[in-house]
Structure formats: structure tokens, C-alpha cells
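# Remarks on the overall topology
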Amino acid sequence: MKLARDTWLVYQQQMRLMLRSRTWLLFGLAQPVTYLLLFAPMLKPALASMGATSYADAYRIYVPGLLVVMALYGGLFTGFGLLAEIRAGVIERARVTPVSRAALLLGRALRDVTSLLVQAIIVTVLAIPFGLSVGPLYVLLAFVLLALIALMTTAISYDVTLLVRDEASLGPVINTVAQPVALLAGVLLPVALAPVWIQRISDWNPFYWATNGMRALFAGDVGDPSVWRSLLVVAALAAATVLWSARLFARTVR
């Protein structure tokens with residue numbers, strides 16, 4: 001009970017700090033909107049073999065992948081903010097309060113998840129004039145999956161940050177991991193278009209299942225096995241990474 005209350009207090013404070021600056025929204029949306037407007041319209045011929053007979057079909061396939069890559073990269077790079085707070089002594093000053101050490105991390109993680117969800121909602125709304133059409137309940141379930149992805153990647157980023165503790169090393173480490181993971185998840189183009197050996201490797205990538213689940217939901221196929229498989233896999237991984245992050249944070253930040 002104390003952990004939940006402390007997490008809520010930290011989350012509120014972090015949200016107030018974030019809302020004082022509008023740059024988080026501007027810079028967070030710049031690249032996704034660019035891809036949405038300039039890259040997605042070129043996908044109709046490439047996706048014709050998957051039944052994309054119109055631009056609306058192309059956006060229905062592309063937008064879920066774009067949202068996953070936003071959660072992937074957006075979450076993995078949140079560690080820089082945590083590292084800046086550690087260096088500035090913000091976390092050190094919070095130690096004198098009775099707030100739970102785990103809550104200091106969880107509140108920040110939930111703030112980052114909220115930020116990514118707001119950006120995802122805006123991108124989804126911007127895709128509607130291009131023909132994207134999806135039921136409200138399917139979108140809601142898709143955003144639940146997206147929140148779990150963002151929570152998992154944010155926790156992983158915090159883990160790496162607490163272990164590396166160096167800006168010069170943090171960026172290359174994250175980029176080295178994120179790029180192949182994103183490509184093998186089929187976020188830009190479905191993995192079904194790739195050679196068989198890439199498809200076999202992708203089967204071991206949890207983000208591949210998450211992307212398939214997102215696309216099934218945007219297609220209105222809630223009964224697709226990839227939906228519930230991705231929800232279970234991502235929820236389990238999110239719980240494991242958050243638990244590890246909380247313990248690592250409580251042990252490291254003393």
C-alpha cells in the first residue's frame with residue numbers, strides 16, 4: 001500500500017515537472033510524424049502482396065509498427081533523464097524523504113509511459129485523415145499493449161543506465177541493441193516480406209509478437225492468437241524488468 005501511494009506521489013510530481021515544458025511533446029513527435037507523412041504513403045506498392053489495395057490498408061499495417069518503434073526507442077532512451085537526475089543530485093536529495101526507493105523509479109517510469117501514450121494517441125489521430133479506421137475498443141486494447149511495451153523498455157533503459165552510469169557509453173549500447181531488435185520486429189515492413197531465415201530469428205523477438213498483436217488489433221481481429229500471446233509475453237517481461245529495476249535502483253541508489 002505504501003509503495004502504491006509513494007509511486008503515485010512521485011508520478012504526480014514528475015508529471016508536473018514534465019508539463020512545464022512543451023518540448024517533450026514537440027521532439028517526441030517530430031520523427032514519427034515525418035515517417036507517417038512521408039514514408040507511409042510509399043508503402044502501398046510494397047504491401048500489395050499482403051492485401052494492401054488502398055492507402056488505408058497500408059496505414060493499417062504501418063501505424064501499429066510505428067507505435068511499437070516509438071515505444072521501443074522512446075522507452076530505451078529514457079535512461080538519459082534518470083542519469084541526469086542522478087548526476088544533478090536529485091535522487092540523492094530524495095533519499096532523505098520517507099518515500100520508497102522503488103517508488104522513486106516506478107513513478108518516473110509511469111511518467112515516461114504516459115508521455116509515450118500521449119504521443120501515440122496523437123500519431124493515431126493524425127493517421128485518420130489518411131484512411132486509418134479502427135474500432136475504439138480495439139484501439140484501447142492496443143494502447144494497453146503499447147503501455148506494457150513502453151513500461152518494459154523504460155525499465156530496461158533504467159537497468160542499463162544504473163549499470164553503465166556514463167552518457168558516452170549509454171547511447172552506443174542502446175543503439176546497438178535497439179536497431180536490430182526493431183528491424184527484426186518488422187516495425188517498418190512486416191517480417192513476412194523478409195527471407196525465411198530472418199523470419200525464424202524474429203520468432204525469438206518479443207517485439208515481433210508485440211508488433212503482430214498490434215497489427216491484428218488495428219485490423220479488428222481480436223481473436224488472433226498473436227494478440228493474447230503478445231499481451232501475455234509483454235506483460236510477463238514488463239513485470240520482470242520492472243521488478244529487477246526496482247531492486248537494482250534500491251541497491252544502487254543509497
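Up top is the structure these notes are about.
What this report covers is the structure whose coordinates are included nearby. Position labels on residues start from 1 in each chain and follow its written sequence. Local features in this predicted model are restricted to residues of pLDDT 70 or higher, and side-chain atom pairs are both shown and tallied only at a pLDDT of 80 or more, whereas totals for entire chains, interfaces and linings draw on every residue. Calculation of side-chain values draws on the structure's entire complement of heavy atoms; hydrogens and water are dropped beforehand.

This brings us to the side chain of T211. By secondary structure assignment, the location of T211 is in helix α11 (residues 206-218). Counted as a polar contact is a pair of N or O atoms within 3.5 Å, where, for protein atoms, one must be capable of donating a hydrogen and the other of accepting one, and residues adjacent in sequence contribute only when both atoms are in side chains. Within the local environment of T211, its side chain forms a polar contact with the backbone oxygen of A185, the two atoms lying 3.4 Å apart. Only heavy atoms enter the contact rule, under which two residues are in contact if any of them lie within 4.5 Å. Residues in contact with T211, not counting those within four places in the same chain, are G65, V68, A185, G186 and V187. Only DSSP runs of H or I reaching four residues or more are called helices, and only runs of E reaching two or more are called strands; each is numbered from the N terminus.

Turning to the packing of helix α8 (residues 136-164) against helix α9 (residues 167-184), a few remarks are in order. The relative placement of two packed helices comes down to the angle between their axes together with the axis-to-axis distance. At a closest axis distance of 10 Å, the pairing of α8 and α9 adopts a crossing angle of 140°. Taken together, the axes of α8 and α9 lie oblique to each other. Note that α8 runs across α9; the crossing there is right-handed. Only S169, L170, V173 and I174 of α9 make contact with α8, whose side of the interface consists of S157, V160, T161 and V164. Note on method: axes are straight lines fitted to C-alpha atoms, helices fitted across the in-contact stretch only, with angles between N-to-C directions ranging 0 to 180 degrees. In what follows, roughly perpendicular refers to angles from 65 to 115 degrees, roughly parallel to angles under 35, roughly antiparallel to angles over 145, and oblique to any angle outside these ranges. Here a crossing is called left-handed whenever its near helix is offset anticlockwise from the far helix by less than a right angle, and right-handed whenever the offset is clockwise.

In this analysis, the expected span of each helix is defined as 1.5 Å times one less than the number of residues it contains. With 29 residues, α8 ought to run about 42 Å at 1.5 Å a step, and its terminal C-alpha atoms sit 41 Å apart, in line with that. One or two positions beyond α8, positive phi appears at R165, with a value near 60°.

The next point concerns a nonpolar patch on the surface. On the surface, a cluster of nonpolar side chains totalling about 410 Å² of accessible area is made up of Y35, L183, L188, L189 and L193. The exposure class assigned to L188 is partly exposed, which follows from its relative accessible area of 32%. Patch rule: a residue counts if its relative accessible area is over 30% and it has no salt bridge; like charges are joined within 9 Å, and nonpolar side chains (Val, Leu, Ile, Met, Phe, Trp, Tyr) within 5 Å. We get accessible surface area from the Shrake-Rupley algorithm with a probe of 1.4 Å; when it comes to residues, only the shown protein chains can shield them. Any Lys or Arg side-chain nitrogen located within 4 Å of an Asp or Glu carboxyl oxygen qualifies as a salt bridge. Working definition: with a 1.4 Å probe on protein chains only, accessible area under 20% of the residue-type maximum means buried, over 50% means exposed, and in between means partly exposed.

Ring pairs shown here join Phe, Tyr and Trp side chains whose ring centres sit within 6.5 Å, with only the six-membered ring taken for Trp; geometry is labelled stacked below 30 degrees between planes, edge-to-face above 60, and tilted in between. Scanning all chains against the criterion turns up four aromatic pairs. In textbook terms, an aromatic cluster arises when at least three aromatic residues are bridged by ring pairs, as seen for Y73, F77 and F80.

Turning next to the side chain of Q14. If you trace the backbone, Q14 turns up in helix α1 (residues 2-19). Within the local environment of Q14, its side chain forms a polar contact with the side chain of Q13, the two groups lying 3.3 Å apart. A polar atom in the side chain of Q14 sits 2.4 Å from the side chain of R111. Each residue touching Q14, except ones within four places of it in the same chain, is listed here: E85, R108 and R111.

A few words on the packing of helix α5 (residues 79-88) against α9. In the contact formed by α5 and α9, the axes pass within 11 Å of each other and the chain directions differ by 165°. Relative to α9, α5 is oriented roughly antiparallel. The way α5 lies across α9 gives a crossing that is right-handed. Residues G79, F80, L83 and R87 of α5 form the contact with α9, whose own contacting residues are E167, L170, G171 and I174. Split into classes, the residues belonging to the contact of α5 with α9 amount to four nonpolar, two polar and two charged. Under the convention adopted here, Pro, Cys and the residues Ala, Val, Leu, Ile, Met, Phe, Trp and Tyr are nonpolar, Asp, Glu, Lys and Arg are charged, and Gly plus all remaining residues are polar.

Moving on, we come to α11. Helix length check: α11, at 13 residues, gives a terminal C-alpha distance of 19 Å against a target of 18 Å (1.5 Å per residue), a fit within 8%. Taken across its 13 residues, α11 has 11 buried, putting it largely inside the fold. Every buried residue belonging to α11 is among F207, Y208, W209, A210, T211, G213, M214, R215, A216, L217 and F218, and all of these are buried. Between the side-chain oxygen at the start of α11 and the backbone nitrogen of F207 there is a gap of 3.0 Å, and the oxygen is on N205. Backbone geometry just downstream of α11 places G220 in the positive-phi region, at approximately 80°.

What the rule picks out here adds up to three salt bridges. In this structure, the salt-bridge partner of R111 is D112, at a minimum N-O distance of 3.0 Å. Looking at R111, the relative accessible area reads 13%, which means it is buried.

By themselves, these figures tell us nothing about what the structure is for.
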